[in-house]
Amino acid sequence: MFTGIVTDVGEVLSVEERGEGLRQLTVACAYDPATIAIGASICCGGVCMTAVAIGARTFSIDAAAETLRLTMVGRWKKGTRINLERSLKMGDELGGHLVSGHVDGLAELIAREDLTDMAKLTLRVPEPLARFIAQKGSVALDGVSLTVNDVGDDAFSVLIIPHTLAVTTLGALKPGDSINLEVDVMARYAARLMEAPQQTPTSS
């Protein structure tokens, strides 16, 4: 689990095809390699990935066909900058919201308005995911925990403060770009409960 609070921005150093539907990526980061164990979970651009090799300020991850097809990982190349977050430990401060790193789909930035003290991003989402996004609810965009500002039929907006624009990849977004989207897990459970058939109590 993660919190959606980015702790570093890494850069893809290499992308290597390892077989049909399998790709290995090596990422440069500021993390101390001594603190990363093989098998550790690292949220990379909003996607929970497993460290399979550790180098000097680098780690490598394997991406399978499903991840390559459904997330932005399939479009990453040498030089791509990605938001990073280490996995949550018991007792850590929960500064954002609970993020699983299981991307639900891609959102498209359809408008960006740079204001005096923040930026307003408006994104379009796939229709099946729109019902999980609510005003004042939480979403994770490329691994960044954000609060939903406005909601439309298939679009929503978020307000990004200067600090977030500066220390994550969101500052470089422009209309037409796609990003990884994870909806709030609580919204998924609530929707599932609403869909479940109501049980009629039986008398004893």
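Bear in mind that the values here come from a model prediction, so they are computed numbers and not experimental data.

Reading guide: rules and limits
- Residues numbered from 1 in each chain as written.
- Predicted model: local features only at pLDDT ≥ 70, side-chain atom pairs only at ≥ 80, totals over all residues.
- Heavy atoms only, no water.
- Pairing = 2+ DSSP bridges.
- Helix = DSSP H or I, 4+ residues; strand = E, 2+ residues; numbered from the N terminus.
- Axes fitted to C-alpha atoms, helices over the stretch in contact; angles between N-to-C directions.
- Patch = residues over 30% accessible without salt bridge, like charges linked within 9 Å, V, L, I, M, F, W, Y side chains within 5 Å.
- Areas by Shrake-Rupley, 256 points an atom, 1.4 Å probe, with all protein chains shown as cover.
- Salt bridge = Lys/Arg side-chain N within 4 Å of Asp/Glu carboxyl O.
- Buried < 20%, exposed > 50% of the residue type's maximum accessible area, 1.4 Å probe, protein only.
- Disulfide = S-S within 2.5 Å.

A. Quick peek at the sheet that holds strand E9 (residues 138–141). If you walk around this closed barrel you meet the six strands as E7-E8-E11-E10-E9-E12, and the pairing is antiparallel. Ignoring strand direction, the axes of neighbouring strands in this sheet form an average angle of 45°. With three bridges joining them, E9 and strand E12 (residues 178–183) adopt antiparallel strand pairing. The residue of E12 that forms the bridge with Leu-141 is Leu-181.

B. Here's a closer look at a nonpolar patch on the surface. Residues Met-1, Leu-94 and Leu-98 make up a contiguous nonpolar surface patch of roughly 270 Å² in combined accessible area. Take Met-1: it is sitting in the segment before strand E1 (8–19). Residue Met-1 is classed as partly exposed on the basis of its relative accessible area, which comes to 47%.

C. Focus on unusual backbone geometry. With a phi angle near 70°, Lys-136 is a residue other than glycine that sits in the positive phi range. The topology assignment puts Lys-136 in the loop between helix H2 (127–130) and E9. We classify Lys-136 as exposed; its relative accessible area is 61%.

D. Spotlight on the sheet that holds E1. Taken in spatial order, the six strands close into a barrel running E1-E2-E5-E4-E3-E6, and their pairing is antiparallel. Adjacent strand axes in the sheet meet at a mean angle of 45°, parallel and antiparallel pairs treated alike. Bridge count between strand E3 (residues 41–44) and strand E4 (residues 47–55): four bridges; the pairing is antiparallel. From the neighbouring strand, Cys-43 faces E4, where its bridge partner is Cys-48.

E. Highlighting the state of the cysteines. Summed over the entire model, instances satisfying the criterion amount to zero disulfides. Summary of cysteine pairing: Cys-29 is not part of a disulfide, and the nearest cysteine sulfur, belonging to Cys-44, is at 9.0 Å. The exposure class assigned to Cys-29 is buried, which follows from its relative accessible area of 10%. No disulfide involves Cys-44; its nearest neighbouring cysteine sulfur is the one of Cys-43, lying 6.9 Å away.

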